[in-house]
Amino acid sequence: MPIPAGIVIDGATGALSSSTGHYVKSLSALRDCYEAPALVDAYIAAHGDVAAYEVREYCPVGNDLRVGTTSMAPGRIGREYFLTRGHFHARPDRGEVYWTQSGEGLLLLHSREGECRNLELRAGVCALIPPGWAHRSVNTGAAPLVFVWTCASDAGQDYGRIAARGMRQLVIEQDGRPTVVPNPNYRDDDWLD
Ligand SMILES: [Fe+2]
């Protein structure tokens, strides 16, 4: 049986005082998430294969909830901002909460039925992601974007559907501002299911 625990979260960096898991996604691992993968290659050639984002989590064995942080570096690939892979939860009846600690960004969401929404991510905003919505975070600011997330420990992550189809929307810089536009490369093909 898990025992009660309190952990300290550094909202500026996403560091946890105690963690049970941790990974870093380098830009090269996200190459195909961008509308122009060749620009990722060019970025890496110029700046190196930087850590685009880092995920830390705390989930003791047997606990029904996971909590953790995601820390996203600022940057842009062409007109697109640095982003996370994006996923549906493997269990369609499991949602999630994102509580932004620092930085600024946008949370792109779409339902399986095709409805699109986006939510602002900035310090203090607590975003509720209902079950059944794909979600991707985008750092639109000049500083790291750090948010705390929590979801059911059995929610699971289905990255394949977004990897195959893309997200329905992109966040691009347009006239100096982050702008949400339809993804021209979104693949709405039944055979992908
Ligand atoms: Fe999630």
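Calculation criteria
Every chain's residues receive numbers from 1 upward, in the order its sequence appears when written. It should be noted that, the model being predicted, local features are given only for residues of pLDDT at least 70 and side-chain atom pairs only at 80 or more, the latter also being counted only at that level, while totals for whole chains, interfaces and linings use all residues. Note: side-chain values were computed over all heavy atoms of the structure, leaving out hydrogens and water. Helical segments are the DSSP runs of H or I of at least four residues, strand segments are the runs of E of at least two, and each set is numbered from the N terminus. Water is not among the atoms examined, so metal sites may look incomplete; donors are the N, O and S atoms within 2.8 Å of the metal, or within 3.2 Å for Na, K and Ca. Each label reflects the angles at the metal, where four donors whose angles all fall between 85 and 135 degrees are tetrahedral, four or six donors whose opposite pairs open beyond 155 degrees and whose other angles stay between 65 and 115 are square planar or octahedral respectively, and the rest are irregular. Working definition: with a 1.4 Å probe on protein chains only, accessible area under 20% of the residue-type maximum means buried, over 50% means exposed, and in between means partly exposed. Criterion used throughout: strands pair if DSSP finds at least two bridges between them. With axes taken as lines fitted to C-alpha atoms, and helix axes fitted only over the stretch in contact, angles between N-to-C directions fall between 0 and 180 degrees.

Q: How would you summarise unusual backbone geometry if you had to cite specific residues and measurements?
A: Although it is not a glycine, D175 sits at a positive phi angle of roughly 55°. Here D175 shows up in the loop between strand 14 (169–174) and strand 15 (177–182).

Q: Go over the coordination of the iron ion with me, naming the residues and quoting the values.
A: At 2.0 to 2.3 Å from the iron ion lie its protein donor atoms, namely H87 (NE2), H89 (NE2), E96 (OE) and H135 (NE2). Around the iron ion, the four donor atoms sit at angles spanning 82 to 168°, and that spread fits a shape best called irregular. In terms of primary sequence, the donors binding the iron ion are separated according to H-x1-H-x6-E-x38-H. Note that H89 is positioned in strand 6 (residues 88–89) and H135 in strand 11 (residues 133–139), a separation of 46 residues in sequence. Comparing H89 with H135, the two get one shared label, buried.

Q: Pulling in residues and values, what's your account of the sheet that holds strand 8 (residues 104–111)?
A: Taken together, the three strands give an open sheet; going across it, the order is 9-8-11, and neighbouring strands pair in antiparallel fashion. Looking at strand neighbours, the two that pair on one side only are strand 9 (116–122) and strand 11, the edges of this open sheet. Each adjacent strand pair in this sheet contributes to an overall mean axis angle of 20°, direction not counted. By the bridge criterion, seven bridges tie strand 8 to strand 11 in an arrangement that is antiparallel. If you follow H110 over to strand 11, its bridge partner there is A134.

What is shown is where atoms sit, not what they do.
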